[in-house]
Amino acid sequence: MVKAYLRYEQASSFGVITSLESNISYDSTGKHVLAPALEKVGIWHVRQGICTKTLVPSSSRVGKSLAVTSIASSASTSVAVGYADGSIRIWDSEKGTCETTLNGHKGAVTALRYNKAGSMFASGSKDNDVILWDVVGETGLFRLRGHRDQVTDLVFLDDGKKLVTASKDKFLRVWDLETQHCMQIISGHHTEVWSVDVDPEEKYLVTGSADQELRFYAVKQNMPHVSVVSDSNANGVDASGDHLTENKWEVLIPFGEIQRQTKDRVASVRFSNSGSLLACQMAGKTIEIFQVLDETEAKRKAKRRLRRKEKKTSKEGVENGDASNETEKADTVTTPTVPDVFKLLQVIRAGRKISSFSFCPITPKDSLATLALSLNNNSLEFYTLKSSENEKTATIEHQGHRSDVRSVALSADNTLLMSTSHSEVKIWNPSTGSCLRTIDSGYGICSLIVPKSKYGIVGTKSGVLEIIDIGSATKVEDVEAHGGTIWSIAPIPDDTGFVTVSADHEVKFWEYQVKKAGQKAKQLTVSNVRSMKMNDDVLAVAISPDAKHIAVALLDSTVKVFYVDSLKFFLSLYGHKLPVMCIDISSDGALIVTGSQDKNIKIWGLDFGDCHKSIFAHDDSVMGVKFVRNTHYMFSIGKDRLVKYWDADKFELLLTLGGHHAEIWCFAVSNRGDFLVTGSHDRSMRRWDRTEEPFFLEEEKEKRLDELFESEIDNAAENRHGSEEEITEEGVAGLAKKTTVDVLSAADSIIEALELAENEKNRIAEYEEEKTRGTVPDLAPNVVMLGLSPSEFVLKTISKEKTNDLEHILLPLPFSDALKLLSYMESWSLIPEKVELVCRIATIVLQTHHNQLVTTPAARPILSVLRDILHAKVKESKDTIGYNLAAMDHLKQMMASRSDAPFRDAKAKLMEIRSQQAKRMEARLDTKTERKRKKKQKRLEDGHGHAWA
């Protein structure tokens, strides 16, 4: 009988607040910040400091392919998220649901930007291409090719009619989106252009690179005259071309430049939503904030500069008088320059390197703006900008480690999880992923939670054992344990103590003791009861469940096994070519497994020390191995970012679990084996749960082979089409979509459905022919086609696919199959809800096979029938939609005329009530002031009367 195993799947991941690969962004309300968390996007409430929602892709593919690389939020609740595999997902940030997935790029998405209306967005990628996407139609419009290196940033101009793109090829390109061509190429940058942005009024465009200056360009408006003159003489920028002879294709005119304060390259430049501030983020710890002065202030500043210049020239000798007069005349014509418009306001200095920043769309009353910063130590900081200073208002850092997770340990009842990192210990709830406690500590390399008590033991890099009280979140004691790094810690099975091994060549046995901390309080302490000196650094330790043997791994690549009671030598296990990093012994004490830097796992018998099997397990060093309790199943982790599940009796790989984005350092398996938790260099911890879904070994092997085959197909397709795409004309548009394995499989399923339908047609024809000859039994329905007619079956197959992928799905269809498809459309067009689908399919087929259809006589009857039907059906659908819209509008007007109108605009009604209240208040004030005036006048009159008397 074939053995079945239970599948393990990723249940949750936690510990990451913000990752480094992508930018952060505020949502449209300004209350939440969207922060990338590896493959997820966390929506953090700014005031409460909690993650309210998480945007997680449904298809969790193995490896780093799904890392978030770019985020752009629109004016509505729609959010575009770009990933490392080139896909883009549109999310609804309120509902937390994925609206659609768009595939077009072959490299990671590096830039995303919505137009002002939010109906369209552009994406740039590492594949050097820019793609325009239709948000409503959920499809790619066209691809813009021309850049020779990665596209780093992009911005819309002229109400979304033009697009400016920046690239690492040192050029800016201006694209006309109506003609889909490049209309201007701007050179002048000496290094890669990393960021570009335009102010809300579209007057100035700024670029940031590794050059020492920020470059500014004046945006030519759709007006007969241009008021801005480039400051080429003052700043040394050579504006190519004479400005007197105006070039109609020139959209960006060089305006000038400003020297930056720091030498680091520019990472990002962004204007605030009001346009009054410009922030320039460096690739270090600083952000320079510039104030954008309005036109009157800029002119005033320019006049003051001219006056100073006039005074300076007047002090010169009389001989240069004529020349000075000429310069004065010339200078009086000069309009404001870049230093007149952009004034350095302040510099924000963060404690760690800044990954990205975002302006809050809502400006606070008592300050200029609010900034959100993501730092490279897995934290978010919020700053309020005032006229002369900046103030850090909030920090989100509790829900994650500042550096990579080096060890994890589960409590005996699996209700607590302890993790250690460079400077702190955190206690988690492993089922919810919420952080319960944070304790400052040293660099924790290994850890364990003491059974039957709420204490934790941490072994540090400095050789100190730290005893931590989990309940009070305090460090109780530091014990000077070893003279070198404590590499591993293992509990003694009778729960009376533990064993530590270190780089100082020593193996030490420790015992738990209780000491009085006060009059009544008691606290845990440890004491060293035995020690054993080895010849080399000891890297790992394991004790057999019966407490009979202890196994230690040495730096010389061997594993030594001793008796626990007498510490006498028992076995030496040698065979690894590089040092052994981890050891574990099975519950029955029969097997010992070792994992090494040589990427191999070796399974040994503990009775004679014979090697049962050596398995090439990972593509990099094996960092951990552990048996599931009371079984011979085991898990292994490696620097190749994978968790693997093995059967140690059959020496077979059962499952490969991928999901981490960096090396996995540590993991812990629950006592019942129902879940495990892994900790990684990417600062995340992931929980993997055992499900009730059984799987078979042969099926998993076939699945792995299929995945390998599909990846090879992808690579072959990219290599085959790569040379063709390089030849394409520069600065022009191409198709937006890319062919994926899913698209090819969808095309195969349609071809297969057409073939089945054709066979069914022939079967029905034969049956009808036999029926005319004599009596035959009734025709049995086709089980493969689910009892449907040929036409219905093909329609059902096509309806399963996304409409925006239809063009790429129908492209591989042979001409004969395309003709079959057209023949079914007459019957499909009779179904009202399928008219749009039929029209789309007909258009795609006609565009793809136009030349063959024109020259094929058999296609003419089908085309003439479709021409007559489709026009009428489209008009009918159009009329229906128009009638429904008019009816809805009529209903809205009817309901609006009533007092209890649900369609009435609540905001307008509120404004109306407020204005009425304001008018009443004004009327009351007027009457009050009138009364006071009359009383005063009466008093004065009475006073005058008495005086005369």
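Reading the values: the criteria
Residues numbered from 1 in each chain as written. Predicted model: local features only at pLDDT ≥ 70, side-chain atom pairs only at ≥ 80, totals over all residues. Heavy atoms only, no water. Helix = DSSP H or I, 4+ residues; strand = E, 2+ residues; numbered from the N terminus. Buried < 20%, exposed > 50% of the residue type's maximum accessible area, 1.4 Å probe, protein only. Contact = heavy atoms within 4.5 Å. Areas by Shrake-Rupley, 256 points an atom, 1.4 Å probe, with all protein chains shown as cover. Expected span 1.5 Å × (residues − 1). Arc of directions from axis to C-beta. Patch = residues over 30% accessible without salt bridge, like charges linked within 9 Å, V, L, I, M, F, W, Y side chains within 5 Å. Salt bridge = Lys/Arg side-chain N within 4 Å of Asp/Glu carboxyl O. Lys, Arg positive; Asp, Glu negative; His and termini not counted. Charge placed at Lys NZ, Arg CZ, Asp CG, Glu CD. Pairing = 2+ DSSP bridges. Axes fitted to C-alpha atoms, helices over the stretch in contact; angles between N-to-C directions. Polar contact = N/O pair within 3.5 Å; in protein donor to acceptor, adjacent residues only side chain to side chain.

Counting its secondary structure elements, the chain contains 13 helices and 57 strands. The proportion of buried residues among the 949 residues of the chain is 49%. Long-range contacts, defined as pairs at least 24 residues apart, comprise 50% of the intrachain contacts of the chain with a sequence gap of at least 6. Of the roughly 48,100 Å² of accessible surface on the chain, 51% is carried by carbon and sulfur atoms.

Further remarks concern the environment of Glu-257. Its location among the elements puts Glu-257 in strand E21 (residues 252–259). Between the alpha carbons of Glu-257 and Glu-213 there is a distance of 6.1 Å; along the sequence they are 44 residues apart.

Bringing helix H2 (residues 295–314) into the picture now. Because an α-helix completes one turn every 3.6 residues, residues spaced three or four positions apart along the sequence face the same direction. Between its terminal C-alpha atoms H2 stretches 28 Å, which fits the 28 Å expected from 20 residues at 1.5 Å a residue. Where H2 is concerned, the buried positions are Ala-298, Ala-302, Leu-306 and Thr-313. Looking straight down H2, one finds that the buried residues subtend no more than 75° of arc, so they occupy a single side. Exposed positions of H2 whose direction lies more than 90 degrees from the buried face are Lys-303, Arg-307, Arg-308, Lys-311 and Ser-314.

A few words now on a positive patch on the surface. Residues Arg-300, Lys-303, Arg-304, Arg-307, Arg-308, Lys-311, Lys-315 and Lys-343 make up a contiguous surface patch of positive charge. Position of Lys-303 among the secondary structure elements: in helix H2.

As summarised here, the arrangement of the four strands in space is E1-E56-E55-E54, forming an open sheet in which the pairing is antiparallel. Strands at the two margins of the open sheet, each flanked by one partner only, are strand E1 (4–14) and strand E54 (664–669). The average angle at which neighbouring strand axes cross in this sheet is 30°, direction not considered. As defined by bridge partners, strand E55 (residues 675–680) adjoins strand E56 (residues 685–696) across five bridges and the pair is classed as antiparallel. What sits directly across from Val-677, in E56, is Arg-687.

Moving on to the pairing of strand E12 (residues 130–134). A large share of E12 lies buried, amounting to four of its five residues. Both E12 and strand E13 (residues 139–145) contribute to a ladder of five bridges, which runs antiparallel. Looking at the pairing, Leu-132 lines up with Phe-142 of E13.

This brings us to the sheet that holds strand E34 (residues 444–449). An order of E34-E35-E36-E37 is seen for the four strands of this open sheet, with the pairing classed as antiparallel. Two strands bound the open sheet, and with one partner strand each, they are E34 and strand E37 (474–480). With strand direction ignored, the average angle separating the axes of adjacent strands in the sheet is 20°. As judged from the five bridges shared by strand E35 (residues 455–460) and strand E36 (residues 464–469), these two strands associate in the antiparallel manner. Counterpart to Val-458 in the pairing with E36 is Glu-466.

Another aspect to go through is the side chain of His-661. Mapped onto the fold, His-661 is located in the loop between strand E53 (652–658) and E54. Of note is the side chain of His-661, whose polar atom sits 3.5 Å from the backbone oxygen of Gly-659.

Further remarks concern a negative patch on the surface. Together, Glu-698, Glu-699, Glu-702, Asp-706, Glu-707, Glu-710 and Asp-742 give the surface a local cluster of negative charge. Considering the arrangement of structural elements, one finds Glu-698 in helix H5 (residues 697–727).

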